[in-house]
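What follows is each chain in one-letter form.
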Amino acid sequence: MAWRVGVDSGGTFTDVCLFEDETGELMIWKVSSTPDDPSRGITQGVADGIERVGIQASEVSYVGHGTTVATNALIQGRGVKTGLLTTGGFRDLLEIGRQKRPDLYDLQAEKPELLVERHLRFGISERVLADGTVETPLDEVSLRDAVRALKAAGVKAVAINFLYSFSHAEHEKIAARILEEEFPEAFHSLSHRIAPEFREFERLSTTVVNAYLGPVMQGYVKALSGKLSDLGIAVAPQLTQSNGGVISFDAAAEMPVRTVLSGPSTGVVAAQAVGRMTGIDNLITFDMGGTSSDVALLADGHCRVVNESVVHGYPIKAPMLDIHTVGAGGGSIAYIDSGNHLKVGPRSAGANPGPACYGLGNDEPTVTDANVVLQTQHPEYLLNGRMKIDRSLSVKAVEKLADRLGMGILETANGILDIVTANMAKAIRVISVQRGHDPRDYALVAFGGAGPVHAVRLARELGMKRIVIPKTPGVLCALGLLMTDLRTDFSATVLHRLDDVQASTISSLYDALSKQAETWFEREKILIPARVVNRTVDCRYAGQNYEIAVALPDGPITPETLRLINDRFEQAHRQLYGFIAEGEPVQLVTYRLAASGRVEKAAFKPRPMEGEDSSSAITGTRDVWMAEAGGFTSATLYDRDLLKPANIVVGPAIIDQMDSTTVLPLGYTAKVDAYLNLIVEEK
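Quick caveat: nothing in here was measured; it's all calculated off a predicted structure. Counting of residues starts from 1 at the beginning of each chain's written sequence and follows it residue by residue. Given that the model is predicted, a residue must reach a pLDDT of at least 70 before its local features are reported, and side-chain atom pairs must reach 80 or more before they are shown or counted; all residues, however, enter totals for whole chains, interfaces and linings. Water and hydrogen atoms were dropped before computing side-chain values, which therefore reflect all heavy atoms in the structure.

Draft legend 1. A look at the overall build of the chain. Helix and strand counts for the chain come out as 16 helices and 37 strands. The size measure is the radius of gyration over C-alpha atoms, and the globule rule it meets is 2.2 Å times the number of residues to the 0.38 power. Taking 2.2 N^0.38 as the reference for a compact globule, 683 residues should give roughly 26 Å; the C-alpha atoms of the chain span a radius of gyration of 26 Å, in line with that estimate. For the C-alpha atoms alone, the extent of the chain along its principal axes is close to 80 × 55 × 55 Å. Exposure categories follow from relative accessible area, calculated using a 1.4 Å probe and restricted to protein chains: below 20% of the type maximum is buried, above 50% is exposed, and the middle band is partly exposed. Within the span of the chain, comprising 683 residues, buried residues form 56% of the whole. Residue contacts follow a heavy-atom distance rule, with two residues in contact if any of their heavy atoms lie within 4.5 Å. A separation of at least 24 residues holds for 67% of the contacts in the chain among residues at least 6 apart in sequence. Once the 67 positive and 84 negative side-chain charges of the chain are each reduced to a mean point, those two points are 1 Å apart. Secondary structure elements follow DSSP: runs of H or I no shorter than four residues count as helices, runs of E no shorter than two count as strands, and numbering proceeds from the N terminus. All tallies of charge rest on Lys and Arg as positive and Asp and Glu as negative; His and the ends of each chain are not included. The atoms used to mark charge sites are NZ of Lys, CZ of Arg, CG of Asp and CD of Glu.

Draft legend 2. Here's a closer look at the pairing of strand E25 (residues 443–447). Buried residues dominate E25, accounting for five of its five residues. At least two DSSP bridges between two strands are required for those strands to pair. Pairing of strand E13 (residues 283–288) with E25, which is carried by five bridges, proceeds in the parallel orientation. When the bridges of E25 are listed, Leu283 appears paired with Ala443. Inspection of the sheet shows E25 paired to strand E26 (residues 466–469) by two bridges, in the parallel sense. The partner of Leu444 across the bridge, within E26, is Ile467. Read from E25 through helix H13 (residues 451–462) to E26, the crossover connection turns out right-handed. We call a crossover right-handed when, viewed with the strands running away from us, the connection from the first strand over the helix to the second turns clockwise.

Draft legend 3. Highlighting helix H4 (residues 140–153). Working rule for helices: expected span equals 1.5 Å times residues minus one. The terminal C-alpha atoms of H4 lie 20 Å apart, and with 14 residues this matches the ideal 20 Å at 1.5 Å per residue to within 8%. Within H4, the full set of buried residues consists of Leu143, Ala146, Val147 and Leu150. Down the axis of H4, the smallest arc covering the buried residues is 100°, so these residues share one side. Exposed residues on H4 whose side chains face more than 90 degrees from its buried face are Val141 and Ala152. Looking at the buried side of H4, the elements it contacts are strand E5 (82–87), strand E6 (121–124), strand E9 (157–161) and helix H5 (170–182). Working definition: the arc comes from the directions between the helix axis and the C-beta atoms, pointing outward to the latter.

Draft legend 4. Region of the structure containing the nonpolar core. As used in this record, nonpolar core signifies buried Ala, Val, Leu, Ile, Met, Phe, Trp, Tyr and Cys residues forming a set joined through side-chain atoms within 4.5 Å. Counting 149 residues, the largest nonpolar core has Leu74, Leu85, Ile316, Val537, Ile565 and Leu588 as its most contacted members. Ranked by the residues each element gives to this core, the list is headed by helix H7 (residues 200–231), at 13 residues. Ile284, Ala328, Val344 and Leu664 belong to the second largest nonpolar core, which has 53 residues in total.

Draft legend 5. A look at the packing of aromatic side chains. Ring geometry is summarised as follows: Phe, Tyr and Trp rings, the Trp one being its six-membered ring, pair when their centres sit within 6.5 Å, and such pairs are stacked at plane angles under 30 degrees, edge-to-face over 60 and tilted between the two. What the rule picks out here adds up to four aromatic pairs. Residues Tyr164 and Phe166 carry aromatic rings whose centres are separated by 5.9 Å and whose planes lie at 65° to one another, so their mutual orientation is edge-to-face. The interplanar angle of 75° and the centroid separation of 5.0 Å between the aromatic rings of Tyr541 and Phe569 together place this pair among those described as edge-to-face. Taken together, the positions of Tyr541 in strand E28 (residues 531–541) and Phe569 in helix H16 (residues 559–577) put the pair 28 residues apart, joining distant regions of the chain.

Draft legend 6. Just the sheet that holds strand E34 (residues 653–657), in detail. Spatially, the four strands line up as an open sheet ordered E31-E32-E34-E35, and their pairing is mixed. Both edges of this open sheet fall to strand E31 (618–626) and strand E35 (660–664), since each of them pairs with a single strand only. Taken pair by pair, the neighbouring strands of this sheet meet at an average axis angle of 30°, ignoring direction. Of the strand pairs in this sheet, E31 and strand E32 (residues 631–639) are connected by eight bridges, and their pairing is antiparallel. Within E32, the residue paired with Trp625 across the bridge is Phe632. Lines are fitted to the C-alpha atoms to define the axes, a helix being fitted only along its stretch in contact, and any angle between axes, read from their N-to-C directions, falls within 0 to 180 degrees.

Draft legend 7. How the structure looks around the sheet that holds E5. Across the sheet, which stays open at both edges, the four strands sit in the order E6-E5-E9-E10 with parallel pairing between neighbours. What marks the edges here is a single partner per strand, and that holds for E6 and strand E10 (187–190). Here the average twist between neighbouring strands, direction ignored, is 20°.

Draft legend 8. Structural context of unusual backbone geometry. Residues Gly345 and Pro346 are joined by a peptide bond in cis, for which omega reads 0°. Mapped onto the elements of the fold, Pro346 is located in strand E22 (residues 342–348). The omega angle of the peptide bond from Gly651 to Pro652 is 5°, so this bond is cis rather than trans. Mapped onto the fold, Pro652 is located in the loop between strand E33 (648–650) and E34. In this structure, Arg199 takes a positive phi of about 80° despite not being glycine. On the secondary structure map, Arg199 appears in the loop between helix H6 (191–194) and H7.

Draft legend 9. Highlighting the packing of H4 against H5. It is the contact of H4 with H5, at a shortest axis distance of 10 Å, that shows an interaxial angle of 45°. What the angle tells us is that H4 and H5 run oblique. Read as a crossing pair, H4 and H5 show a hand that is right-handed. Across the interface between the two elements, Glu140, Leu143, Arg144, Val147, Arg148 and Lys151 of H4 pack against Ile174, Ala175, Arg177, Ile178, Leu179, Glu181 and Glu182 of H5. By the convention adopted, Pro, Cys, Tyr, Trp, Phe, Met, Ile, Leu, Val and Ala count as nonpolar, Lys, Arg, Asp and Glu as charged, and the other residues, Gly among them, as polar. Looking at the contact of H4 with H5 residue by residue, the classes come out as six nonpolar, no polar and seven charged. Relative orientations are named as follows: roughly parallel for angles under 35 degrees, roughly antiparallel for angles over 145 degrees, roughly perpendicular for angles from 65 to 115 degrees, and oblique for any other angle. Should the near helix be turned counterclockwise from the far one by less than a right angle, the crossing is left-handed, whereas a clockwise turn marks it as right-handed.

Draft legend 10. Expanded view of the side chain of Thr661. Summarising the element assignment, Thr661 is placed in strand E35. A 3.5 Å cut-off defines polar contacts: any pair of N or O atoms within that distance qualifies, except that in protein one atom must be a possible hydrogen donor and the other a possible acceptor, and neighbouring residues in sequence count only when both atoms are side-chain atoms. Within polar-contact distance, the side chain of Thr661 engages the side chain of Asp656 at 3.4 Å. Discounting chain neighbours no more than four positions away, the residues touching Thr661 are Thr376, Gly449, Pro452, Val453, Ile654, Ile655 and Asp656.

Draft legend 11. Main features of the environment of Val31. If you trace the backbone, Val31 turns up in strand E3 (residues 26–32). Overall, Val31 belongs to the buried group, its relative accessible area being 10%. Once the C-alpha coordinates of Val31 and Asp15 are considered, the two residues, 16 residues apart in sequence, prove to be 6.7 Å apart. With near-sequence residues (within four places) excluded, Val31 lies in contact with Phe13, Thr14, Gly41, Gly45, Asp48 and Arg386.

Draft legend 12. Representation of the environment of Ala425 in the model. Checked against the element boundaries, Ala425 lands in helix H12 (residues 409–431). Once the C-alpha coordinates of Ala425 and Phe286 are considered, the two residues, 139 residues apart in sequence, prove to be 10.0 Å apart. Sequence-distant contacts of Ala425, that is, excluding residues within four places in its chain, are made with Leu458, Glu461 and Leu462.

These results come straight from atomic positions and should not be treated as a statement about function.
Take a look at the structure:
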């Protein structure tokens, strides 16, 4: 028997999923996260899981891990002291940026803190032109002096970013060699390896972020690897990237910037699998945890990959699933602002002290407290009784706001949920309506510990008619770790006009990228039958400042391929912007190749349908406050583990399970499908 383990470390809980390949046995577990040292909570969760299924650690054949370590270090400013070596005259580019305000109409808007202080930024005499020719050779003497100055200043990491290094990388390679000679203990980040693309500021920002996070991720990976090894786990663990694939711990330590969406990305991967199970191609994912909510749009079963994003104010050029995050989770704190308006988030109570009902010292109301007051979540415990809570503490916390607002406690609690729902609906409109998609044409896949609690409220706000609740919603990100492939990405920026380029020219560019992919395949020991490559090219109308990724078909590149690129670009442009510019030349900008190594994945088999009667899963009733009923109403309680395929649950009802709670208001039904997903629809 071979067990596969997925671990997702979130802000409030660490989720563990164990899957046995031959029998399909699935075991899930949750432990509280340990923000001071995430590896502690992860190790405890894995140890608990192994003990619960009664196996030896040596029987674990795979460990996949999603983490928020890089993201949290960036957000909280806990990276290392970093230096920068760049082309002379460009050391202030990090501060100048694009000269854009974070918010056009906010006069008090502040830019994020600079990750490299000015005295630690050195301009080096060298110059490469846009076509890759060297105008000014690298001054190795001044470079060596700058490295010595950085060492004397006590920096822990150095970012190296020379102008047009993506066209000519030799100067950065020389700088890396000198750095290793003079300052070998420093972590270094080279822009031609981290982001070999045009747009100088974004490439600089990405390289600096990678250097800033490097030693943090190295320390985390080393600590976690040691603790897992001490448990007796012999296999090398894998870490999720922002693109939904996994890489080795060593690769993640070298390029931590590629893991800033590590945790949420695997939830999207698992949601894609849920879509295949249910036969629903168009989905919007809704992952609500303790600190935030992550949403993504899956058109025809696939999530779009973007190659540039902004994380906490820092531009990052790295392949990422198109996930939008908002500070709206179970631990999000409700408060009254200076205008006497009720607001929720993004500040969170986190895992410790957590919501007021945890009894750990927090007296501010959270979204979880509002649910406990209304009894949509159990008023006495969470996690099927493992975690005791105190409803009276939630009532006291909400009462403070109610008194200030001149409202009743129940109305205030419901108002908290209305506001957090509006925040989440706004996030979904960003990835749907603003990009030419009508959310009413999609089904909502709700997961995360709090997702099923709020799913119907959110769907109703958006006019969505169908909701899918996976079998294990609270640990779906951990389960997604068992469904993802090894993956990395390669790119090259070369500008061509589509009507003026030869197919052979594009073919030669992809041949060069393919050679890089072959090297990676060999290094990762991926067998030839498991190797997959996908090609895309970023296109735009000449003069535009934003590109659209267009997929290329497999096989040789021919004149017909070029015509297909044009057609696909026009289709995508019309979808995104509502028009195409007839007669305007199309420009090819950045050529991309995604290399994947397919691995064995957790797979689930359908079960036979057993009839509509769900009475055998009823465990009792509970009074629940529901807006549809105008107050408290008796809701039937169901044990999710006892529901069988084809069973139908009619609201008002509460469907409980260890990792989450599904709230089914009056007028809604839930049907159990062959894979034990709940399909929720309005009657």
